[in-house]
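Observations on chain architecture
Read off the chains here:
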Amino acid sequence: MSLADISVLRTQLGGILRRPGRLLMTGLSVLVASFVVFGTVLTYQTVTRTTLDTFSDTPRGVSLVVHTDDDTPIPAAQMAAIRRTPGVVQAVGRNTAVLGVGDASSGTSIDLIADPGTGPLSRVTLVAGGYPDGDREVALDRRVAERLGAAPGSTLRLRGGAEGETPVKVAVSGVVDGPQDGNERAYAPDVVVAALGGLPDYQRIDVLVAPAADVDAVQEQISAMLSSDPDNYAAITTGDNIRIKEAQEAVEQYDQIFALVAMFVAIAVVAAALVATSTFRIVFAQRLRQLALLRTIGAQSGQLVRALAVEGAAVGLFAGAVGVLLALATGLAAPALAAATGRTISSPGVPVGAGVAVVIGAVLLTVAAVLAPAFSAADVAPLQALRSAGTVAAERGISAGRLLVGLLLAAGSLGVGCLAVVALPEPGQQSHSSSTGLLYIVGVGGLAFGALIALGPVLIRPVLAVAGWPLRRLGPTGGLAVSGIGGTPRRAAAVSVVVALGVALLAGTVVGLSSLQAWTAQSLAARNPADLVMFAEEQPITDDVLTRLRADARFGHVTPFRTADFAVGSVSFAAIDIDMTALPELAKLTASSGSIADLGPGRALLAHGLAESLGVRAGDDVTLRAEPGREARVTVAAILTDDAPLQMDAVLAPADLDSLGAASTAPSGVLADITGGGAARNQALAAFRQIGGGIGGEVGVLADARDKENAEVSSLFAAALGLLGLTVLIAVVGVGTTTGLSVLQRTQESGLLRALGLSRSRLRAMIGMESGLYGLIGSVLGLVLGVPSAWLALKALNLGLPLMFPVGRLLLILLMLTAITVVAGLLPARQAAKVSPVAALQATE
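A brief report on the enclosed structure follows. (Residues numbered from 1 in each chain as written. Predicted model: local features only at pLDDT ≥ 70, side-chain atom pairs only at ≥ 80, totals over all residues. Heavy atoms only, no water.)

The next subject is helix H17 (residues 543–551). Every buried residue belonging to H17 is among Val545, Leu546 and Leu549, and all of these are buried. Seen from one end, H17 has its buried residues packed into an arc of 95 degrees, which puts them on one side. Every exposed residue of H17 that faces more than 90 degrees away from the buried side is listed here: Asp543, Thr547 and Ala551. (Buried < 20%, exposed > 50% of the residue type's maximum accessible area, 1.4 Å probe, protein only. Helix = DSSP H or I, 4+ residues; strand = E, 2+ residues; numbered from the N terminus. Arc of directions from axis to C-beta.)

The subject of this paragraph is the packing of helix H16 (residues 489–527) against helix H24 (residues 807–824). Between H16 and H24, the least distance of the axes is 10 Å, while the angle of their chain directions is 155 degrees. The angle between the axes of H16 and H24 places the two elements in the roughly antiparallel class. For the pair H16 and H24, the sense of crossing is right-handed. Seen from H16, the contacting residues are Val499, Val503, Leu506, Ala507, Val510, Val511, Ser514 and Gln517; seen from H24, they are Arg809, Leu810, Ile813 and Leu817. Here the contact of H16 with H24 is composed, by residue class, of nine nonpolar, two polar and one charged. (Axes fitted to C-alpha atoms, helices over the stretch in contact; angles between N-to-C directions. Parallel < 35°, antiparallel > 145°, perpendicular 65-115°, else oblique. Left-handed = near helix turned anticlockwise from the far one by under 90°. Contact = heavy atoms within 4.5 Å. Nonpolar A, V, L, I, M, F, W, Y, C, P; charged D, E, K, R; others polar.)

Attention now moves to the packing of aromatic side chains. The relative placement of two aromatic rings is captured by the distance of their centres and the angle of their planes. The full count for this structure, using the stated rule, is four aromatic pairs. When the centroid spacing of 5.9 Å and the interplanar angle of 20 degrees are considered together, the rings of Phe566 and Phe573 count as stacked. (Phe/Tyr/Trp six-rings, centres within 6.5 Å; stacked < 30°, edge-to-face > 60°.)

Once that is clear, we can look at unusual backbone geometry. For His557, which is not glycine, the phi dihedral falls at a positive 55 degrees. Structurally, His557 can be placed in strand S13 (residues 555–568). Positive phi, normally seen in glycine, also occurs at Gln647, with a value near 60 degrees. For Gln647, the position within the fold is in the loop between strand S18 (631–640) and strand S19 (650–651).

A few words now on the pairing of S13. In this structure, S13 lies alongside strand S20 (residues 669–674), joined through five bridges in antiparallel fashion. Each residue of the ladder has a partner; that of Thr559, found in S20, is Leu671. The pairing of S13 with strand S14 (residues 571–577) spans seven bridges and is antiparallel. By the bridge assignment, Phe566 is partnered in S14 with Phe573. With antiparallel pairing between neighbouring strands as the criterion, S13 and S14 make up a hairpin whose turn holds two residues, including Gly569 at a positive phi of roughly 65 degrees. (Pairing = 2+ DSSP bridges.)

Moving on to the sheet that holds strand S2 (residues 88–94). Spatial ordering of the open sheet is given by S2-S10-S1-S11, a layout of four strands whose pairing is antiparallel. Among the strands making up the open sheet, the edge pair consists of S2 and strand S11 (235–238). Sheet twist, expressed as the average angle between the axes of neighbouring strands with direction ignored, equals 20 degrees. Relative to strand S10 (residues 204–209), S2 is paired through six bridges, and the arrangement is antiparallel. Paired with Gln90 across the bridge in S10 is Leu208.

Here the focus is a positive patch on the surface. On the surface, Arg760, Arg764, Arg830 and Lys834 cluster together into a positively charged patch. Those elements that place two or more of their residues in the positive patch are helix H23 (760–797) and helix H25 (826–834). Within the secondary structure, Arg764 sits in helix H23. (Patch = residues over 30% accessible without salt bridge, like charges linked within 9 Å, V, L, I, M, F, W, Y side chains within 5 Å. Areas by Shrake-Rupley, 256 points an atom, 1.4 Å probe, with all protein chains shown as cover. Salt bridge = Lys/Arg side-chain N within 4 Å of Asp/Glu carboxyl O. Lys, Arg positive; Asp, Glu negative; His and termini not counted. Charge placed at Lys NZ, Arg CZ, Asp CG, Glu CD.)

Its place among the elements puts Thr85 in the loop between helix H3 (76–83) and S2. On the accessibility criterion, Thr85 (10% relative accessible area) is buried. A polar contact of 3.1 Å, which involves the side chain of Thr85, links it to the backbone oxygen of Ala81. (Polar contact = N/O pair within 3.5 Å; in protein donor to acceptor, adjacent residues only side chain to side chain.)

Encoded structure:
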């Protein structure tokens, strides 16, 4: 490096040190991106370690595990031999017996799980009462206790175990908290589970070795004992190995999630690069007179480019290091914050290598972002030193080459879009590969976004003419704000494009998830049309049962139904007779053709699968046959988009179901909603079982499955919006940074407006409106790109999801982004309003 290079570099770096605020504003988007990237690394480590520490089915105290790979039971004799092995402190068998509760008519079953209840091998925590120590005692999981209305001291009758269907009376000794799944759970020592469940052998054996004993030696002794048995199928391994295997299986589900997170993080990094490029362009435009003076005294363009690139590297180093340190501090503080809310998570550790890689990436990202503005700024002519920064900044428009590239990209996006439409599946087409269509859609999005970057300054004006119309109606302040944006279209385009990227992703995700929610609601309405269901097995539902249910205030929409089987060829199907207007959930069902309201005598609703099997459409006549001589000839009133209620295949009028051979004119089942929530659900469930106890029916809680699936979709919605929020966050940072630098650049303009009589409040309002326009313009462009792309993607995936246009949610995105960008401009607006007119008019570059 020559002395001239060092001199130019010293000048540029000296300017950074004299204005540290500019350093922070220039690198703020990179700082946020570094925080997000390193925060993602720490989050993955936290999830992995928490899973290892918390969610393994094998307690931490387990030293050794005896198990079989094919679920072959381990004989009780081997359990006894293991307990006699020197060094073994405790050995417990793991078993699960599925037992019915009460009479067969109750329809309730529980999993009775073997657990010692206390000590390092236990997986449960006692909540109330005591743990079983008798032959016929059990401890109930808290949820089961609430649903059965049981407490310590209560009694239950269990059936289906060692005594067959003969109920066995057991005492509830206590209530515990333990691992949860979709089943109802109770716990007892292994010998009790073996006796009650008729399971003399074990699924696996957990072993606790004495602290002073050699675990490897004990493992060898037990292995030798097992090998000496010719009928042995069991193997032994360490508890640590089992825990790691279980944790790895549990973490596998997060790998795909974090792969998706990585994609969104990559998009956020691209947004950060665009914001950084725009910021450097503004900063260099403010310093064009300084750069021109350097050219005047002999500095070459190459020297200026290198100096500006080093300046960018310094900004990236600072921003990357601060972002990593902030993310690390947040990650290390997370366990303490979680503990304050009653939750337990593990510390992520200090991944030094990943932190260094993120800082290096930040430097490279910033250098890449600074190159284009650097080359443009370094070409400044020496005579430019005689011009003001404001004059230079007022240059607008794009070059002919950039215009040509933008038009070519737009044409390419349109062409690929046509190919994507041609590749869409035909209605009802099942064997369709979506990969080609999705690749086309990715191409459409990439080319369209590239065209938006290239043509942004040109597109700003027509969009601003529409978006800025309401502001112009507000008077001079609004007109000045619109003129401020229109006067610098390249700056406005650079910022609005980043906002458009975030909004396009948000809008596409909202459209996709709204379609998923609509489809889920329809599917759940077909599978779970009410909160509770009772299927009569021994005898039909009596009028007395229906009367008592309807008279009970805990139940609503009590709806009886009947079912009958029929066949198409060798395939069996089921039909249902139910009032389609009686349950609110059934109103969510939709028809792909025909009208659900046309259901009536001689007119049937067919599930989508049955209609395909029969090859019929709405309006066609079809004959449904049961046993010889029993058939129903009906007209297809509508074809449902999914299954019929309770996953049946057809909905028939009562007379048509009779023709098909319904077993009785009395209902074969009843559906009901619960009018309350929380504890009321458990009380209503108990009353439902009690009222229907005499018919020998099977009771199902449909509300649990519906709530679980709704919660999963809602969690997916929240997670996706949270991830996409990273891009929006960086876009908002870009708006705030650009507005702040613009305020600095336009100090003289602000002073002139103040001197002409514009009040401080109106000046603040003007700058806030300008900032909001960045968000509004970007939101409009993002919606235009995002919604059609989402529709194309949904059609290409061929999942049968309805195409939704969630007007309210999309409008909320537009309003929220506009409001957030207004807020982002408040601080620069306050700073601009504080400058006195005299000082502003005297300011120079």
